[in-house]
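# A look at the structure
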Amino acid sequence: FEQALVRLAASPDEHVAAAAVRALGACPSKEARQALEASLHHADARVRANALESLAGRKNVEDAERFAAMTGDAAGRPRANAIAALLDLRTQDAIAALRRMLADPRPAHRVSALWLVQAAGVMDTARAVAELAVADPDREVQRRARQAVRHLIHLMNPALPAPAGDTAPPADALPRVHELAA
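Owing to the predicted nature of the structure, the values given are computational and were not obtained by experimental measurement.

As a further point, take the overall build of the protein chain. When its secondary structure is counted, the protein chain shows 10 helices and 0 strands. Helices and strands appear in the protein chain in the N-to-C order α-α-α-α-α-α-α-α-α-α. Every one of the 182 residues in the protein chain was classed for burial, and the buried ones make up 43%. Within the protein chain, counting contacts between residues at least 6 apart in sequence, those at least 24 apart form 56% of the total.

Structure below.
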């Protein structure tokens, strides 16, 4: 199916392209990689985000620069996925980019950043997340920040019951807790 997926990744229908790009993540060929790289420049944010996830799954150190460049994407989801992809390759750069995203003036970007904090367990952002939980002017950001704080507290002390309504992605989505050494 790989050749069909490569063709579908170039579909003018962004839903079809996004699904094909996600599926191409399991294809190790040069053609699949080229299609994923081309999809990083797609006009649709979902397609770019899926291409980032697919490339990140390959754990290729040579992709670090590409991921770093995309931590400034104009859309929140690809930006958060670029930071997530960078976490295991260049942790300090990823956490700096995540802190910038948590301070972004656009609420949607802060929400995407909070998703990543929660999904990856990024303890180094706990203070910024706590500040958003009490002082962010956007109520949805505050709600998501409170949820992320509860999740981080649970990660620090797994003996505590998991917070109610904790909608973090499955543990295998981004399994590592990221914390810089002091």
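This is not the end of the story, as more comes after the structure.
Relative orientation of the contacting elements helix 6 (residues 76-87) and helix 8 (residues 107-120) amounts to 30°, with a least axis distance of 8 Å. With respect to each other, helix 6 and helix 8 are oriented roughly parallel. Along this stretch, helix 6 crosses helix 8, giving a crossing that reads as right-handed. The residues of helix 8 that touch helix 6, namely those facing Gly 76, Arg 77, Arg 79, Ala 80, Asn 81, Ile 83, Ala 84 and Leu 87, are His 109, Ser 112, Trp 115, Leu 116 and Ala 120. Of the residues contributing to the contact of helix 6 with helix 8, the split by class is 7 nonpolar, 4 polar and 2 charged.

Looking at the element boundaries, Gly 57 is found in the loop between helix 4 (45-56) and helix 5 (64-69). Along the sequence, Gly 57 and Ala 85 sit 28 residues apart, while their C-alpha atoms lie 8.1 Å from each other.

On to helix 10 (residues 139-156), then. With 18 residues, helix 10 should cover 26 Å at 1.5 Å per step; its first-to-last C-alpha distance of 26 Å lies within 8% of that length. Three or more residues of helix 10 are buried, namely Val 141, Gln 142, Ala 145, Gln 147, Ala 148, His 151, Leu 152 and His 154. Tucked inside the fold, the buried residues of helix 10 contact helix 8 and helix 9 (126-135). The N-terminus of helix 10 is capped by Asp 138, whose side-chain oxygen sits 3.0 Å from the backbone nitrogen of Glu 140.

Turning our eyes to something else, we now look at the pattern of salt bridges. Overall, the coordinates contain 16 salt bridges when judged by the stated rule. Between Arg 90 and Asp 93 there is a salt bridge; the shortest N-O distance is 2.7 Å. A relative accessible area of 25% places Arg 90 in the partly exposed class. Measuring nitrogen to oxygen at the nearest pair gives 2.8 Å for the salt bridge that ties Arg 110 to Asp 136. Here the residue Arg 110 occupies a position in helix 8, and Asp 136 occupies one in the loop between helix 9 and helix 10, the gap between them amounting to 26 residues. Accessibility expressed as a relative area gives 6% for Arg 110, which makes it buried. Its relative accessible area of 5% is what places Asp 136 among the buried residues. Within this structure, Arg 33, Glu 37, Asp 63 and Arg 66 form a network of salt bridges that share partners.

Considering the arrangement of structural elements, one finds Thr 71 in the loop between helix 5 and helix 6. Relative accessible area serves as the criterion here: at 11%, Thr 71 is assigned to the buried category. Look past the residues within four positions of Thr 71 in its chain and what remains in contact with it is Arg 79, Ala 82, Ile 83, Leu 86, Ala 97 and Arg 100.

Our next topic: the confidence of the model for the protein chain. Confidence in the prediction for the protein chain averages 90 pLDDT; 90% of positions are at 70 or higher. A low-confidence stretch, residues 168-178 (pLDDT under 50), is modelled with 23 contacts involving residues beyond four sequence positions or located in other chains.

Moving on, we come to helix 3 (residues 30-39). Considered for burial, the residues of helix 3 that qualify are Ala 32, Arg 33, Ala 35, Leu 36 and Ser 39. On an axial view of helix 3, the arc spanned by its buried residues comes to 160°, and they lie on one face. Turned more than 90 degrees off the buried face of helix 3, the exposed positions are Lys 30 and Ala 38. Buried positions along helix 3 lie against helix 1 (2-9), helix 2 (14-24), helix 4 and helix 5.

Rules of the game
- Sequence positions are assigned chain by chain, starting from 1 and proceeding in written order.
- Totals for whole chains, interfaces and linings use all residues, but because this is a predicted model, local features are given only for residues with pLDDT of at least 70 and pairs of side-chain atoms are given and counted only at 80 or more.
- Side-chain measures here rest on the full set of heavy atoms in the structure, leaving out hydrogens and waters.
- Counting from the N terminus, the helices are the DSSP runs of H or I reaching at least four residues and the strands are the DSSP runs of E reaching at least two.
- For every residue, the accessible area obtained with a 1.4 Å probe (protein chains only) is divided by the maximum for its type, and the residue is called buried under 20%, exposed over 50%, and partly exposed between those limits.
- Here, residues are in contact when the closest pair of their heavy atoms is within 4.5 Å.
- Between the N-to-C directions of two axes lies an angle of 0 to 180 degrees, each axis being a line fitted to C-alpha atoms and, for a helix, fitted only over the stretch in contact.
- Between 65 and 115 degrees an angle is taken as roughly perpendicular, under 35 as roughly parallel, over 145 as roughly antiparallel, and anywhere else as oblique.
- By convention, the crossing between two helices is left-handed when the near helix turns anticlockwise from the far helix through less than a right angle, and right-handed when the turn is clockwise.
- Here the nonpolar group is Ala, Val, Leu, Ile, Met, Phe, Trp, Tyr, Cys and Pro; Asp, Glu, Lys and Arg are the charged ones; every other residue, Gly included, is treated as polar.
- To estimate the expected span of a helix, count its residues, drop one, and scale the result by 1.5 Å.
- Two N or O atoms count as a polar contact when they lie within 3.5 Å, although within protein this holds only if one can serve as hydrogen donor and the other as acceptor, and sequence-adjacent residues are included solely when both atoms are side-chain atoms.
- Put simply, a salt bridge is a Lys or Arg side-chain nitrogen that is within 4 Å of an Asp or Glu carboxyl oxygen.
- Along the chain, pLDDT gives the predictor's confidence residue by residue, from 0 to 100.
- Relevant arc is that of directions from the helix axis to the C-beta atoms, nothing else.

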